[in-house]
Amino acid sequence: MSGSRALDALTGLRFVAALHVVSFHFATPCLGTAPEALRDWVGAGYAAVGVFFVLSGFVLAWNYLDADGRMETSPRAFWAARVARVYPVYVLTFLLSAPTTIAASVADNGWKVAAAKLAVGGGATLALLQAWVPRLALYWNPPGWSVAVEACFYGLFPRLAKGLPRLKPAWLPVALGGAWVLGLLPPLLYLALLPDGPGPVDVHASGPWLMALKFNPLARLPEFLFGVLLGWRFVRERAAGGVKGSGAVLAALGTALLVAAGAAGSRVPYPLMHNALLAPASGLLVYGLARGGGALGWLLSRPTLVKLGGASYALYLLQYPVSEAAKGLGNWVSPWVELRTPEGLLATVLLLGVPASLWVHRAVETPLRSRVRAALTPWVEGAPREPVKPVVSGP
């Protein structure tokens, strides 16, 4: 499989992961009589965000690192590209979520208190800082927490790249294992200490320590680092004479592990599933797809899935504004059609959300990306020049 087709397969994977998250939020109430394995798999859709973190690190390493681990562009150019990529749609969904957020805050607190809370929460959300404060992580547009986490990753990526040339390639497997263990330590410590007190530790729990564990960027950084290291391994493999093998077995194994873990989700400790447990399985899938992926890579690189994958970021961020619109539509058409059921809400979210995400990707995300990058060009070109130092690394 060519490099462009492999990237298409990874783009298709983004849509599947985004759809899994949407299903977790809106399909779970529809599955009361479904087989337990299906209920568990849909109910583990939160773990798909971890796939995004591994995939993000992998793709950034693929696009920005050379075989020695050095960045092939300046940090400012990298940051400008990331801002142009994520911020326009992020701001759009912030604005779309504003009426519901403001109305709820005023109803709960009154105008004076609501104004202060909205100023603090809205400012933190616009600044992509809400994930650092457990009580604000899901404020305004809840899925935006993961964008705030990614923003931290983007800020650290150039610094991570500076350290990679000092890592001997022979130690990459150890580094990957270390990143995984580092990601497992916070949830294991939480399960051992239970700092939020007794009670069930599941998807419905909301203790402050659990919220910090789930959403704090530093707690999720090992998953991103795992993806970066794996992506650098792939870059080195290509530079050493080409990628050998189709990756079909790796992709199939990663998929099987992810599906099996999801289907057994209710029997796996929730903090582990949420954070880093599945990073190796995600890595196998991503690495296998980058190497071709066999039949799975062919399927995910189909034009329709690639198009939907391109709009997956918009779908992910639009799901809650669209759900509010779906509820309003359900109230409006209730004299004729009953959509105010879990099944009706899910169907309406999908029927509205998928076309809306495709439109936002085409009319907002793509054109504004170019405009934002152009607006940031003076800042990028004004960066001080650093002397290039030769880096010696092993084979």
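Residues numbered from 1 in each chain as written. Predicted model: local features only at pLDDT ≥ 70, side-chain atom pairs only at ≥ 80, totals over all residues. Heavy atoms only, no water.

1. What to know about the UniProt feature "transmembrane region" (unreviewed entry) in the protein
Per the UniProt record, "transmembrane region" (unreviewed entry) is found at residues 44-65, 85-107, 139-157, 169-193, 218-235, 247-265 and 277-301. This span, residues 44-65, is 77% helix and 0% strand, and a straight line between its end C-alpha atoms measures 33 Å. (UniProt positions renumbered as here; feature names shortened; annotations may be inferred. Helix = DSSP H or I, 4+ residues; strand = E, 2+ residues; numbered from the N terminus.)

2. Some words on the pattern of salt bridges
Pairing between side chains of opposite charge can happen when the charged atoms of each approach one another. Evaluated as defined, the whole model comprises ten salt bridges. Of the charged contacts in the structure, one is a salt bridge between Asp66 and Arg70, with a shortest N-O distance of 3.4 Å. Judged by relative accessible area, which is 16%, Asp66 ranks as buried. Among the salt bridges present, the one from Glu223 reaches Arg220, with a minimum N-O distance of 2.6 Å. Here Glu223 pairs with Arg220, and both are found in helix α9 (residues 217-239), just three residues apart, close to one helical turn. Owing to a relative accessible area of 3%, Glu223 belongs among the buried residues under this scheme. By relative accessible area, Arg220 is classed as buried at 0%. One network of salt bridges, in which partners are shared, links Glu36, Asp40 and Arg267. (Salt bridge = Lys/Arg side-chain N within 4 Å of Asp/Glu carboxyl O. Buried < 20%, exposed > 50% of the residue type's maximum accessible area, 1.4 Å probe, protein only.)

3. What about empty space enclosed by the protein?
Under the defined criterion, the tally for this structure stands at three cavities of 30 Å³ or more. A volume near 60 Å³ is recorded for the largest cavity. Lining the largest cavity are 13 residues; nearest its centre among them are Gly50, Glu223, Asn275, Leu278 and Ala279. Sort the elements by how many residues they give to the lining of the largest cavity and helix α3 (residues 48-64) lands first, with three residues. Tallied by class, the residues present in the lining of the largest cavity amount to eight nonpolar, four polar and one charged. (1 Å grid on protein atoms, 1.4 Å probe; cavity = no way out; pocket = protein on both sides within 12 Å on 5 of 7 lines; lining within 4 Å. Points joined across faces, edges and corners; volume = space filled by probe spheres on them. Nonpolar A, V, L, I, M, F, W, Y, C, P; charged D, E, K, R; others polar.)

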